[in-house]
Amino acid sequence: MSIPALKVTNLSVWFEKDSERLKVVDQISFSIEAGDATGLVGESGCGKTMTAMAILGLLSKPGIKVCSDGIEVNGRNISTLTTAGRRSVLGRDIAMIFQQPATALDPVFTIGQQIGAVYRRHGGGDKQQTRKSMLEALESVGFRDARDIAASYPHELSGGMRQLTMIAMATVCKPAVIIADEPTTALDNSTRALILERLKHLQKLHRTAILFISHDLAVVRHICRDVLVMYCGRLIESTDCQNLFSHARHPYSAGLLSCIPQISGERPPAIKSIPGQLPPLTDLPVGCHFAPRCNRVEAQCRTSVPALDYENGRGAACFRPL
Amino acid sequence: MNTPTPAKPRTLLEIRDFSLSFRQSTQLAVDHVSLKMAAGRTLGLVGASGAGKSSIARAILRLVKPDAGEILFRGEDIYRMSAPDLKATRQRIQMVFQDPSVSLSPRRTVEQTLLEPLQHFAIGDTDEQQGRIREILRTVGLDDSTLHRYPNQFSSGQQQRIAIARALVTEPDLLIADEAVASLDVSIQAQILQLIQTLQTDFGISILFISHDLAVIRQIADDVAVMYQGQLLEQSTADKFFSEPAHPYSKTLLSFAKGNTPGRWSGDKWHLLRGQKSLGKRAKCVYAGFCGDKLDVCEEREPALHDIQFKNQHAAAPHCVKCHLYDGVKNDDH
């Protein structure tokens, strides 16, 4: 088997507050092959973004502790890099697309300057070469008037166009891995469809591996082959998209699916929701974290933690899977 | 007034030929919009960002000054009301905003937030007010222990529940929900949609539900109105809209929402990103530049808003479409 583009082994993140330890990411392992897209889904506060930041090594702050048995990009471990070493990797081998392009882009530089800066940082050659690559990146996300866009400031573009320039910036060095953190959440339906289509196109073109973080299962279904479901910092289901939608095994995954409103000619029945809410990090239940909200709970769930067991490549961390 | 025929329900709100522009712009943000809302029903207002949805919401609350037209609430123009009448009307129209972490005051406890509308409109004495806010909290699924806490101590779903409680505490007839579930997770969104649906059944209020998410609209709305670049292009019942949308733009919207993304990147989709800026000359159909079914007349004249309601149909809402394709279609033809 080939070396996966991204391989994460036993990644944990916790906050240290007073003498308390709050685990926000709990022993997560997964891998993505080149040219594949994997979705990471779950409710707000379940640790999706923390996972992304930990992979990129952006969590070296006091009070936060990251621990893993390896984060490999094309076989190279990036979790042990120094700050300088990491700088040469971010943007070139692994890049991120943020949720809010309005805040991720610098308002005082033009789009062209910002994309060019990423390219130059990684030894991209002279001014002309930089400009050429920058314009190519803008054209590759679909802009016909790349020169005009390059000369614009972020505030002159609409939300959807800004997100496209973020994608151009992430792909200008053709990285092996892109982490997209809720890239379409702030956009309306039609714009979202276009952004997803572009992202898919670039992924095919450069054989990029994408970790696509979203709380929207409908979007994940559209773009990803595999999907990981997270709840309270743990991976609770790992399967391919088709399977998740046709036969979710973890009760939480099934609950999430039933929350998605559907469009149909007939008036849909009243929407279902998962009872209760996410437990606070300071007060996580012993055993399976989902047990208090689960309708299939039994005694064992409240005492011991179910492991993510794989069966035909499909894993569910549940004692009584559906 | 009651007639034995299944007549249309009472009209609660009527917007007549309403226009609105912003200071720097010559472009109308709301362009001669006419719209009717029946009492006790939910109208879903859809359209891309910048279509003028929120401007309509703000206009109904008289937060903006119109260029032309009128907005009738129970037959009275809210822009011609005296100050006391306006105050009384605002008690009957309440709003829930998109982001509860911004719309709730961070320096007020839940109790202060909920009491303020009651004090402002002088509803009940102190005991009555206290009883009322406790009752409304239970209605939205929170308990009394939340009263002395601040918004930042709640999750986004709970914050939106508080915002809804604040809106409902004056017992309004019309609730305007402007993207009220757009910033929430699917699971929380489902809970809030459930709550809004229950509240409507229990209280019989009318809801103007603004959203760009057609799946959410399908879930909650009885009627649908579609806006594009400030104009109302179609209004019909939700069942009709989702099975047979009439306007070409409605069809495009619906196909996008169902996930039928374009197979390849084509230039004619750019307008969806650009919003207002790409607009050319006026005095023609706003959608003409991008319409797949364009006729010659679309470039020449602005279409009228045709009523294509079937005569024998007992639907509560009108079915109107602003498109030249329906020029020949008259009410009597059916």
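Scroll up to find the structure.
Computed from a prediction, not measured in an experiment: that's the story for all the values here.

What counts as what
- Residues numbered from 1 in each chain as written.
- Chains lettered and ligands numbered in written order.
- Predicted model: local features only at pLDDT ≥ 70, side-chain atom pairs only at ≥ 80, totals over all residues.
- Helix = DSSP H or I, 4+ residues; strand = E, 2+ residues; numbered from the N terminus.
- Rg over C-alpha atoms; globule rule 2.2 N^0.38 Å.
- Buried ≥ 20, exposed ≤ 12 C-beta atoms within 10 Å, placed from the backbone.
- Contact = placed C-beta atoms within 7 Å.
- Core = buried A, V, L, I, M, F, W, Y, C linked by C-beta atoms within 7 Å.
- Axes fitted to C-alpha atoms, helices over the stretch in contact; angles between N-to-C directions.
- Parallel < 35°, antiparallel > 145°, perpendicular 65-115°, else oblique.
- Left-handed = near helix turned anticlockwise from the far one by under 90°.
- Expected span 1.5 Å × (residues − 1).
- Pairing = 2+ DSSP bridges.
- Nonpolar A, V, L, I, M, F, W, Y, C, P; charged D, E, K, R; others polar.

Q: Can you tell me about the overall build of chain A, naming the residues and giving the values?
A: For chain A, the helix and strand inventory stands at 11 helices and 13 strands. What you see for chain A is a C-alpha radius of gyration of 20 Å, in line with the 20 Å of a compact globule of 322 residues. Projected onto its principal axes, the C-alpha positions of chain A cover 65 × 55 × 40 Å. In chain A, which comprises 322 residues, the proportion classed as buried is 47%. Nonlocal contacts in chain A, meaning residues at least 24 apart in sequence, comprise 65% of its contacts between residues at least 6 apart.

Q: Can you lay out the overall build of chain B for me, pointing to particular residues and giving the numbers?
A: Looking only at helices and strands, chain B features 12 helices and 12 strands. Expressed as a percentage of the 334 residues in chain B, the buried residues total 45%. Here the contacts in chain B between residues at least 6 apart in sequence split such that 66% fall between residues at least 24 apart.

Q: Could you give an account of the nonpolar core, with specific residues and numbers?
A: Phe212 of chain A together with Leu208 and Phe209 of chain B are the most contacted members of the largest nonpolar core, which has 184 residues in total. With seven residues, the top contributor of residues to this core is helix H7 (residues 159–171) of chain A. Beyond its immediate sequence surroundings of up to four residues, Phe209 of chain B is in contact with Thr42, Leu43, Gly44, Leu45, Ala177, Ile217, Ile220 and Ala221 of chain B.

Q: Break down the packing of helix H4 (residues 110–120) of chain B against helix H5 (residues 126–139) of chain B for me, citing the residues and quoting the values.
A: All names here are of chain B. In contact at an axis separation of 10 Å, H4 and H5 are set at 120° when each is read in the N-to-C sense. When the axis of H4 is compared with that of H5, the two are oblique. Our pair here, H4 against H5, has a crossing hand that is right-handed. Across from Glu111, Leu114, Leu115 and Leu118 in H4, the residues of H5 making contact are Gln129, Arg132, Ile133 and Ile136.

Q: Describe helix H8 (residues 189–206) of chain A, and please don't skip the residues or the numbers.
A: Residues and elements named next belong to chain A. If you check H8, its first and last C-alpha atoms are 26 Å apart, about what 18 residues at 1.5 Å a residue would give, namely 26 Å. When we look at burial in H8, the residues that qualify are Asn189, Ser190, Thr191, Arg192, Ala193, Leu194, Ile195, Leu196, Leu199, Leu202 and Gln203. The first or second residue beyond H8 is Arg207, which carries a positive phi of 50°.

Q: So what about the sheet that holds strand S2 (residues 28–38) of chain B? Which residues, and what values?
A: Two orientations exist for strands paired in a sheet by backbone hydrogen bonds: parallel and antiparallel. Residue and element names in this part refer to chain B. Judged by pairing direction, the sheet is antiparallel, and its four strands sit side by side in the order S2-S1-S4-S5 without closing on themselves. Each of the sheet's edge strands pairs with one partner strand only, and the pair in question is S2 and strand S5 (76–77). Summarising the sheet, strand S4 (residues 68–73) and S5 pair through two bridges and their orientation is antiparallel. Counted as the bridge partner of Leu72 is Asp77 from S5. With respect to the sheet, helix H1 (residues 53–60) is in contact with strand S1 (11–21), S2 and S4, its orientation differing from that of S2 by roughly 65°.

Q: Tell me about the pairing of S2 of chain B, and name the residues and values.
A: Residues and elements named next belong to chain B. Counting buried positions along S2 gives eight out of 11 residues, so the element sits mostly inside the fold. In this sheet, S2 lies alongside S1 in antiparallel orientation, the contact comprising seven bridges. Considered in S2, the bridge of Leu13 is made with Met37.

Q: Summarise the environment of Lys7 of chain A; cite the residues concerned and give the values.
A: Residues and elements named next belong to chain A. Locating Lys7 in the fold gives a position in strand S1 (residues 6–17). Take Lys7: there are 18 C-beta atoms within 10 Å of it, and that puts it in the partly exposed class. Distance in space between the C-alpha atoms of Lys7 and Cys301 is 30 Å, their sequence separation being 294 residues. If we skip the residues at most four places from it in the chain, Lys7 touches Ser31 and Glu72.

Q: Which residues make up the environment of Thr126 of chain B, and what values do they have?
A: Turning to its location among the elements, Thr126 of chain B is positioned in helix H5. Judged by local crowding, Thr126 of chain B falls into the exposed class, with 10 C-beta atoms found within 10 Å.

Q: Could you give me a rundown of unusual backbone geometry, with the residues and numbers involved?
A: Comment: phi is negative for the bulk of residues other than glycine, and the bulk of peptide bonds are trans. Residue and element names in this part refer to chain A. Even without a glycine there, the phi angle at Gln27 is positive, about 50°. Within the secondary structure layout, Gln27 lies in strand S2 (residues 20–32). For Glu182, which is not glycine, the phi dihedral falls at a positive 50°. When you line up the elements, Glu182 lands in the loop between strand S8 (177–181) and H8. Given 20 C-beta atoms within 10 Å, Glu182 falls into the buried group.

Q: Give me H1 of chain B: which residues, what numbers.
A: Residues and elements named next belong to chain B. Burial of H1 is extensive: six of the eight residues sit out of reach of the surface. Inspection of H1 places Lys53, Ser55, Ile56, Ala57, Ala59 and Ile60 among the buried residues, and these make up the whole buried set. One or two steps after H1, the chain reaches Arg62, where phi turns positive at roughly 55°.

Q: How would you summarise the interface of chain B and chain A if you had to cite specific residues and measurements?
A: Listed by partner, the interface residues are 39 residues for chain B and 37 residues for chain A. Looking at the side of chain B that touches chain A, the elements with two or more residues in it are helix H6 (156–168), helix H7 (186–203), helix H8 (214–220), helix H9 (238–243), helix H10 (248–257) and helix H11 (271–274) of chain B. Tallying contributions element by element places H7 of chain B first for the side of chain B that touches chain A, with eight residues. Taken together, the residues of the side of chain B that touches chain A break down into 16 nonpolar, 16 polar and seven charged.

Q: Any chance you could break down the packing of helix H4 (residues 111–121) of chain A against H7 of chain A for me, citing the residues and the numbers?
A: All names here are of chain A. The N-to-C vectors of H4 and H7 enclose an angle of 25°; their axes lie 8 Å apart at closest approach. Comparing their axes, H7 and H4 come out roughly parallel. In the crossing of H4 with H7, the sense of the turn from one axis to the other is right-handed. In contact with Ile111, Gln114, Ile115 and Val118 of H4, H7 contributes Thr165, Ala168 and Met169. Taken together, the residues of the contact of H4 with H7 break down into five nonpolar, two polar and no charged.

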